[in-house]
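# Structural description and commentary
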Amino acid sequence: MSPFRLVSTSGTLSLSWYYDYVATSPYPLSSLQTIELANEELVFVGYGINAPDLGWNDYKVNVTGKVLICFVGQPKSGVWADQPYRWYSRWVYKYEEASRQGAKAIFLVHTPSSAEYEWNVVQAGWGYAKARQEATSTAVPLLTGWVTEYYGGEIAASCNSTLEEWFNEAELAEFIPQPIPLDISVSVTFTCVDFSGTNTLGMKKGSTTETVVILGHIDGVGMKNGTVYPGAIDNAAGSSVVMEIAYAWSQMTLDDPLERSIIFLLATAEEAGLFGSDYFVNHLPTALEQGTKLVAGLNFDSPNTWGATYDMGGEGADKSTLGALEEWAAEKEDITFITGVSGSGYFRGDQWSLSKQGIPAIWPRQGTNFIDKPEHYLEDVVIPFESTCYHQPCDAYRENSDLSGMVQGMALGVHFSGTINAAHWVVRMVRMVDDGHETNVDLMHGFAEVVGNDGDSNVEVQVIVKVCVG
């Protein structure tokens, strides 16, 4: 692919693929196709958010046919000061909103603080082959991508500004998109290959059509230029937890059958954009009983491989009444449940595929207070490893792994899936955000006692995706 060239009357900026920028295309592509931008206009759109519920609109001018430069994340002041992380903060939302606004392309400016990961994570996700679902609409940007913080600063400098000043301006409700005195030219040739991924399911069958999902993704970053990215924590460990919970249920002899079935789902293509879990939620296997209704989910992604903790948290626990159930399950293992506000992770894991359809779901997260570990173990050992090895080759099996934390997660999953069958749990979303719009959804009513299990089953579902290499 050609360099990403930004031309002005005062000179040219030339960005190199992978090191300075990355991109993919949501546009329908043939097996070999070149996407080209030639001398296109650039516009800075702040955080690229259109939030009618907050009276916020970064698109106060028409950007149809323009190439957008945008921040990832969300403002922190004004009407946003008391807001938890919202769907508006996610890179996926930025691309979708740019499409709704008619943009020709959009590039996000990466900073470690706004993205919550380093540039090497962007490189691993966008700099090589990237899976995507088959595109059918041409009403989408030709290119969606990222540029480094350094070149974001260079683009701001062309406007006699700095990234810091741009961030400050983007915090203001009266922000107006700014034309950038640079023309962009870039040519990217994509080679695309169709392939299918597989969702693997197991079931502990209940007597009604209401179903609880215990899930984790079975895919990883894969292999890049001959280098294996093992994905030991993310997410071989999570897949193992799901399988162990399934095994535990397979060994149980119940006096009364379960009322709600339990599906154990190993989802594919999470790293590409939650494709496997999204497909599952929207295309339930025909082998399931007609009228099957998903009513709750528990997602295991990157579980605790560092040792048992006195505490535990959960992304999404504050979004539904499942939070109280998870708290109860944690107490059964003498774990203090942290009922904090969900962070950006709520939108980054497979639980979001359920939640955005109005199905309460939680992603359990490891605690911070470790049992029988040195002082500052979290700060000195856990955080440095995870920040360095997230989506990198060093996320491999460690001899110093302490799986007692995973065992806690497995126990929580068993308590959770059993309790939701055994008590008067009314499970409903108390605050669900989909494309930024909050809704209240009543989803199911609790049952008085355990009923149902007349057999187990296994199902495989094919998820058709396309891999495009730029």
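Our subject is the structure that appears above.
Along each chain, residues carry numbers from 1 onward, in the same order as the chain's sequence is written. Predicted model: local features are reported for residues with pLDDT of at least 70 only, side-chain atom pairs are reported and counted for 80 or more only, and whole-chain, interface and lining totals are derived from all residues. Values shown for side chains rest on all heavy atoms present in the structure; no hydrogens or waters enter the calculation.

## Brief notes about the state of the cysteines
Note that a disulfide, as used here, is simply two cysteine sulfur atoms within 2.5 Å. Applying the stated criterion across every chain yields a total of 1 disulfide. A disulfide bridge connects Cys389 with Cys394, and the sulfur atoms are separated by 2.1 Å. Where Cys389 bonds to Cys394 through sulfur, the torsion about that S-S bond is close to -120°, and the disulfide is left-handed.

## Observations regarding helix 4 (residues 149-157)
For helix 4, every residue scored as buried is listed here: Tyr151, Gly152, Ile155 and Ala156. Buried positions in helix 4, seen along its axis, are confined to an arc of 150° and lie on one side of it. Each residue's exposure class comes from its accessible area (1.4 Å probe, protein chains only) as a fraction of the maximum for that residue type: buried when under 20%, exposed when over 50%, partly exposed otherwise. Numbered from the N terminus, helices here are DSSP runs of H or I no shorter than four residues, and strands are runs of E no shorter than two. By arc we mean the arc of the directions from the helix axis to the C-beta atoms, nothing more.

## Quick word on the packing of aromatic side chains
The aromatic pairing rule takes the rings of Phe, Tyr and Trp, using the six-membered ring of Trp, and pairs them if the centres are within 6.5 Å, calling planes under 30 degrees apart stacked, those over 60 edge-to-face and the rest tilted. In total, this model carries 24 aromatic pairs according to the counting rule given. Plain terms: the ring middles of Phe71 and Phe167 are 3.7 Å apart, the flat faces sit at 5° to each other, and that makes the pair stacked. One end of the pair, Phe71, is in strand 7 (residues 67-71); the other, Phe167, is in helix 5 (residues 163-170), with 96 residues separating them in the sequence. Consider the rings of Trp306 and Phe385, whose centres lie 5.3 Å apart with planes at 70°: the pair is edge-to-face. Here Trp306, found in the loop between strand 16 (293-299) and strand 17 (311-315), pairs with Phe385, found in helix 10 (residues 377-389); they are 79 residues apart in sequence, far enough to count as distant. Here the aromatic cluster, defined as three or more aromatic residues joined through ring pairs, consists of Phe44, Tyr47, Phe71, Trp166, Phe167 and Phe175. A ring is considered to have a charge above it if a Lys NZ or an Arg CZ atom is located within 6 Å of its centre and within 35 degrees of its normal. It is Arg398 that lies over the ring of Phe385; its NZ or CZ is 5.2 Å from the centre.

## Some thoughts on the pattern of salt bridges
When a carboxyl oxygen of Asp or Glu lies within 4 Å of a side-chain nitrogen of Lys or Arg, that pair is called a salt bridge. Going through the model one piece at a time under the given rule, you end up with 8 salt bridges. Salt-bridge contacts for Asp53 lead to Arg86; the nearest nitrogen and oxygen are separated by 2.7 Å. Taken together, the residues Asp53 in the loop between strand 5 (50-51) and strand 6 (56-57) and Arg86 in the loop between strand 7 and helix 1 (91-100) connect sequence positions 33 residues apart. Looking at Arg86, the relative accessible area reads 0%, which means it is buried. Between Lys356 and Asp278 there is a salt bridge; the shortest N-O distance is 3.4 Å. Placement of the pair is Lys356 in the loop between helix 9 (351-355) and strand 19 (361-366) and Asp278 in helix 7 (residues 275-282), with a sequence separation of 78 residues.

## Some words on the environment of Phe280
Locating Phe280 in the fold gives a position in helix 7. Residue classification places Phe280 among the buried positions, given a relative accessible area of 1%. Separated by 81 residues in sequence, Phe280 and Asn199 have C-alpha atoms that sit 7.7 Å apart. Contacts: residue pairs with any heavy atoms within 4.5 Å of one another. If sequence neighbours within four positions are ignored, Phe280 has contacts with Asn199, Leu201, Val213, Ile263, Leu265, Pro285 and Leu294.

## Some details on helix 10
Here helix 10 is 13 residues long and its end C-alpha atoms lie 17 Å apart, about the 18 Å a rise of 1.5 Å per residue gives. Take the seven residues that end at a residue and the seven that start at it, fit an axis to each, and the angle between those axes is the bend at that residue. Remark: the principal bend of helix 10, roughly 30°, maps to Ile383, with a proline, Pro384, within the next four residues. When we look at burial in helix 10, the residues that qualify are Tyr377, Leu378, Val382, Phe385 and Cys389. Buried residues along helix 10 sit against helix 6 (232-250) and strand 19. Immediately downstream of helix 10, the backbone of His391 shows phi near 60°, a positive value. The span expected for a helix works out to 1.5 Å for each residue beyond the first.

## Let's talk about the side chain of Gln351
Here Gln351 shows up in helix 9. Among the residues examined, Gln351 registers a relative accessible area of 0% and is labelled buried. Each polar contact in these results corresponds to two N or O atoms within 3.5 Å; when the atoms are within protein, one needs to be able to donate a hydrogen and the other to accept it, and residues that are neighboring in sequence are counted only if both atoms are side-chain atoms. One polar contact links Gln351 to Asn299, side chain to side chain, over a distance of 2.8 Å. Beyond its immediate stretch of four places on either side in the chain, Gln351 contacts Asn299, Gly345, Tyr346, Ala361, Ile362 and Trp363.

## Some points on the pairing of strand 12 (residues 210-217)
Among the 8 residues of strand 12, 8 are classified as buried, and the element is accordingly described as predominantly covered. Along strand 12, one buried face is formed by Glu210, Val212, Ile214 and Gly216 and the opposite face, lined by Thr211, Val213, Leu215 and His217, is buried too. A pair of strands counts as paired when DSSP detects no fewer than two bridges linking them. For strand 12 and strand 16, the ladder comprises 6 bridges, and the chain directions are parallel. Counted as the bridge partner of Thr211 is Leu294 from strand 16.

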